[in-house]
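Listed below, chain by chain, are the residues.
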Amino acid sequence: METEQTLVLIKPDGVQRGLVGEIIARYEHKGLKIVAMKLLQLPLVTAEALYAVHHGKSFYDVLIEFMTSAPIIALAIEGRNAD
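Conventions adopted
- Residues numbered from 1 in each chain as written.
- Predicted model: local features only at pLDDT ≥ 70, side-chain atom pairs only at ≥ 80, totals over all residues.
- Heavy atoms only, no water.
- Helix = DSSP H or I, 4+ residues; strand = E, 2+ residues; numbered from the N terminus.
- Buried < 20%, exposed > 50% of the residue type's maximum accessible area, 1.4 Å probe, protein only.
- Contact = heavy atoms within 4.5 Å.
- Areas by Shrake-Rupley, 256 points an atom, 1.4 Å probe, with all protein chains shown as cover.
- Core = buried A, V, L, I, M, F, W, Y, C linked by side-chain atoms within 4.5 Å.
- UniProt positions renumbered as here; feature names shortened; annotations may be inferred.
- Salt bridge = Lys/Arg side-chain N within 4 Å of Asp/Glu carboxyl O.
- Pairing = 2+ DSSP bridges.
- Arc of directions from axis to C-beta.

> Mind laying out the overall build of the protein, listing which residues take part and the relevant values?
Along the protein, the regular secondary structure elements total four helices and three strands. Mapped in sequence order, the helices and strands of the protein form the string β-α-α-β-α-α-β. Projected onto its principal axes, the C-alpha positions of the protein cover 40 × 30 × 20 Å. Split into buried and exposed, the 83 residues of the protein put 27% on the buried side. Long-range pairs, those at least 24 residues apart, make up 84% of the contacts in the protein between residues at least 6 apart in sequence. Counting every atom, the protein has about 5700 Å² of accessible surface; 53% of that belongs to carbon and sulfur.

Written out as structure tokens, the structure is:
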């Protein structure tokens, strides 16, 4: 089986509640490797592009506002069944 990579976003509430370490530990316990990690404030244009598939849905504006409201953690994880 091939090694796969995927993007994981720890949302603003997870960061604010101090759950980052616990979330990362869960991935590591499953044998997945953290290959990159960054704390960032998600720019509006990036959030809009990331969630474009939901544009026009009733929750879209609330989602964009939430995801840009505070810092997030972006992780690249790698391993078998990382998708």
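> Provide a residue-level description of the nonpolar core, including the pertinent values.
It is characteristic of soluble globular proteins that their nonpolar side chains tend to be buried jointly. Counting nine residues, the largest nonpolar core consists of Val-8, Ile-10, Val-20, Ile-24, Leu-32, Ile-73, Leu-75, Ile-77 and Ala-82. Within the second largest apolar cluster, eight residues are counted, among which are Ala-47, Tyr-60, Leu-63 and Ile-64.

> Explain the UniProt feature "domain: Nucleoside diphosphate kinase-like" (unreviewed entry) in the protein to me, and be specific about the residues and the numbers.
UniProt's entry tags residues 3–83 with the feature "domain: Nucleoside diphosphate kinase-like" (unreviewed entry), counted in the numbering of this structure. In residues 3–83, helix accounts for 37% and strand for 28%; the two terminal C-alpha atoms are 10 Å from one another.

> So what about the environment of Glu-65? Which residues, and what values?
Checked against the element boundaries, Glu-65 lands in helix α4 (residues 60–67). C-alpha separation for the pair Glu-65 and Glu-48, spaced 17 residues apart in sequence, amounts to 10.0 Å.

> Outline the pattern of salt bridges, supporting the account with residue identities and numerical values.
Enumeration over the complete set of coordinates arrives at one salt bridge. A salt bridge links Arg-26 to Glu-22, with the shortest nitrogen-to-oxygen separation between them at 2.9 Å. Here the residue Arg-26 and the residue Glu-22 both occupy positions in helix α2 (residues 20–29), the gap between them amounting to four residues, near one helical turn. The class for Glu-22 is partly exposed, based on a relative accessible area of 43%.

> Describe in detail the pairing of strand β2 (residues 33–40), supporting the description with residues and values.
Within β2, only zero of the eight residues are buried, leaving the element largely exposed. Alignment of β2 against strand β3 (residues 72–79), held across seven bridges, turns out to be antiparallel. Across the sheet, residue Leu-40 finds its bridge partner in β3, namely Ile-72.

> So what's going on with α4? Residues and values would help.
Those residues of α4 that fall on the buried side of the exposure criterion are Tyr-60, Leu-63, Ile-64 and Met-67. Relative to the axis of α4, the buried residues are bounded by an arc of 95° and lie together on one face. With respect to the buried face of α4, the exposed residues turned more than 90 degrees away are Asp-61, Val-62 and Glu-65. On its buried side, α4 packs onto β1 (4–10), α1 (12–16), α3 (44–50) and β3.

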